[in-house]
Amino acid sequence: MYKWYCDDSALKKNHGDEKRPVFLYGGILISREDEIALSNIMKKIKSEYTGEHMPFKYNIKDVEEVYQRFDKQAEFENLKKDSVAWRKRIIEESLKFDYKIFISVIENFQADKKDQKEIKQNLSSFMFSNALMRVGLYADEKSLDYIQVILDWPEGNDSKPFDKEYFYAYNKGINSNSQEYYCGSLNQLNFDQTLYYARCHHSNLLQLADIIMGATRDWMETELQNREYSIGKELTQSFFSKFYGYPGKILGRGINVSSKNASFKKFLLGAIHKNIA
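> Explain the packing of aromatic side chains to me, please; I cannot follow it from the model alone.
For any pair of aromatic rings, geometry is given as the distance between the ring centres together with the angle between the planes. Summed over all chains, the structure comprises 18 aromatic pairs. Between Tyr25 and Phe162, the aromatic rings sit 5.7 Å apart at their centres with planes inclined by 25°, giving stacked as the arrangement. Here Phe162 lies in helix 6 (residues 160–172) and Tyr25 lies in strand 2 (residues 18–31), a separation of 137 residues in the sequence. Accessibility classification places Tyr25 together with Phe162 in one group, the buried group. Both rings, one in Phe240 and one in Phe243, keep their centres 5.8 Å apart while their planes meet at 50°; by these two values the pair is tilted. With a relative accessible area of 2%, Phe240 lands in the buried category. Every member of this aromatic cluster is reached through a ring pair, and the members are Trp4, Tyr25, Phe102, Phe128, Tyr138, Phe162 and Tyr244. One residue, Lys46, lies across the ring of Phe56, its end atom 5.6 Å from the ring centre. Over the face of the ring belonging to Tyr58 we find Arg87, whose NZ or CZ atom lies 4.4 Å from the ring centre.

Here it is as structure tokens:
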């Protein structure tokens with residue numbers, strides 16, 4: 001049994017005098033056995049800083065309210081201070097396990113339009129579908145026995161766009177725009193009929209997906225700004241081998257960029273080659 005845990009992230013890309021958002025959606029595919037073992041390791045690391053069931057995220061400030069609610073503000077301050085150390089430890093421990101990373105990326109050309117909430121929702125469901133197809137290709141390639149897809153609960157509490165994409169992918173092997181999945185319908189590839197949702201606060205593997213997505217976003221931003229170093233870049237370089245398609249086919253498999261984003265795709269291809277070399 002395998003599970004694909006998904007989360008989202010975003011960065012800003014300079015475009016003349018503007019900054020366009022670039023959205024990322026994806027996460028990690030891991031076996032149930034490895035999930036259990038890695039979750040226990042994450043609990044052990046957490047227990048050195050706070051309670052083993054408290055949430056970690058790449059940007060720990062995103063869960064400050066949870067620590068305040070449980071009267072753990074002092075522990076939260078220590079987590080902020082030691083964020084480089086625990087993020088490194090979690091990633092280093094994760095590398096002992098055989099998981100794969102699948103991420104879809106799109107640059108938003110409609111950043112000047114008013115209804116950004118609807119635009120982002122549409123782009124997120126599109127990215128989900130793109131990455132899901134790559135998971136299907138991998139499942140077919142490796143003859144995986146059973147796959148569940150677990151998403152972090154959607155922003156705005158609206159799961160319908162994701163439910164719709166999964167329904168089409170599972171039953172018809174297409175997306176909601178009638179584009180065919182290269183892998184065929186998911187019901188022929190041992191995917192669960194149901195799309196699942198969880199809260200990142202309550203799931204160690206969603207928290208790992210968040211850390212990986214946050215680091216990948218940070219790496220992209222670092223490359224765009226021509227900076228030499230960031231913790232995200234260091235972490236991403238360490239888990240490059242976990243991207244589906246590594247080493248020669250990461251772009252298009254492990255990292256999939258919308259065909260409309262030709263310049264961003266070219267940039268990422270160069271960044272990947274530079275970091276792998």
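Once the structure has been displayed, the description carries forward.
> Would you take a moment to explain the side chain of Ser94 for this structure?
By the element assignment, Ser94 lies in helix 4 (residues 83–94). A distance of 2.8 Å separates a polar atom in the side chain of Ser94 from a polar atom in the side chain of Tyr99. Contact partners of Ser94, with chain neighbours within four places excluded, come to Leu38, Tyr99 and Leu208.

> Which parts of the structure should I look at to understand the pattern of salt bridges?
It is possible for side chains of opposite charge to pair when their charged atoms get near one another. What the rule picks out here adds up to 14 salt bridges. Two residues, Glu48 and Lys44, come together in a salt bridge whose shortest N-O distance is 3.7 Å. On the basis of relative accessible area, Glu48 is assigned to the partly exposed category, the value being 44%. With a relative accessible area of 54%, Lys44 lands in the exposed category. For Lys96, the salt bridge identified is with Glu93, shortest N-O distance 2.9 Å. Judged by relative accessible area, Lys96 falls into the exposed class, the value being 60%. Ionic contacts of the salt-bridge type, sharing partners, join the residues Lys3, Arg32 and Glu35 into one network.

> Any chance you could explain the nonpolar core here in plain terms?
Formed by 51 residues in total, the largest nonpolar core has its most connected members in Val105, Leu208, Met220, Phe239 and Ile255. Considering each element in turn, this core owes the most residues, 10 residues, to helix 7 (residues 204–224). Residues Leu29, Val149, Tyr181 and Phe191 belong to the second largest nonpolar core, which totals 32 residues.

> Any chance you could explain the environment of Val63 here in plain terms?
With respect to the helices and strands, Val63 occurs in the loop between helix 1 (32–47) and helix 2 (64–69). Remark: the alpha-carbon pair of Val63 and Glu180, spanning 117 residues in sequence, is separated by 39 Å. Among residues more than four places away in sequence, those in contact with Val63 are Pro55, Lys57 and His201.

> What am I meant to see in the side chain of Asp210 here?
Looking at the secondary structure, you find Asp210 in helix 7. The buried category is assigned to Asp210, whose relative accessible area is 9%. At 2.7 Å, the side chain of Asp210 forms a polar contact with the backbone nitrogen of Tyr58.

> Explain the state of the cysteines here, please?
Here is the idea: a disulfide is a covalent bond, and it sits between the sulfur atoms of two cysteines. Inspection of the entire model under this criterion finds zero disulfides. Cys6 forms no disulfide, and the closest cysteine sulfur to it belongs to Cys200, at a distance of 12 Å.

> Whenever I open this one, the packing of helix 4 against helix 8 (residues 231–238) confuses me. Can you help?
The angle between the axes and the distance between the axes are what describe a pair of packed helices. Put simply, helix 4 and helix 8 touch, their axes get as near as 10 Å, and they point 10° apart. Compared by their axis directions, helix 4 and helix 8 come out roughly parallel. Residues Val84, Arg87, Lys88 and Ile91 of helix 4 form the contact with helix 8, whose own contacting residues are Ile231, Glu234, Leu235 and Ser238. Here the contact of helix 4 with helix 8 is built from residues that sort into four nonpolar, one polar and three charged.

Cut-offs and rules
- Residues numbered from 1 in each chain as written.
- Predicted model: local features only at pLDDT ≥ 70, side-chain atom pairs only at ≥ 80, totals over all residues.
- Heavy atoms only, no water.
- Phe/Tyr/Trp six-rings, centres within 6.5 Å; stacked < 30°, edge-to-face > 60°.
- Helix = DSSP H or I, 4+ residues; strand = E, 2+ residues; numbered from the N terminus.
- Buried < 20%, exposed > 50% of the residue type's maximum accessible area, 1.4 Å probe, protein only.
- Lys NZ or Arg CZ within 6 Å of the ring centre and 35° of its normal.
- Polar contact = N/O pair within 3.5 Å; in protein donor to acceptor, adjacent residues only side chain to side chain.
- Contact = heavy atoms within 4.5 Å.
- Salt bridge = Lys/Arg side-chain N within 4 Å of Asp/Glu carboxyl O.
- Core = buried A, V, L, I, M, F, W, Y, C linked by side-chain atoms within 4.5 Å.
- Disulfide = S-S within 2.5 Å.
- Axes fitted to C-alpha atoms, helices over the stretch in contact; angles between N-to-C directions.
- Parallel < 35°, antiparallel > 145°, perpendicular 65-115°, else oblique.
- Nonpolar A, V, L, I, M, F, W, Y, C, P; charged D, E, K, R; others polar.

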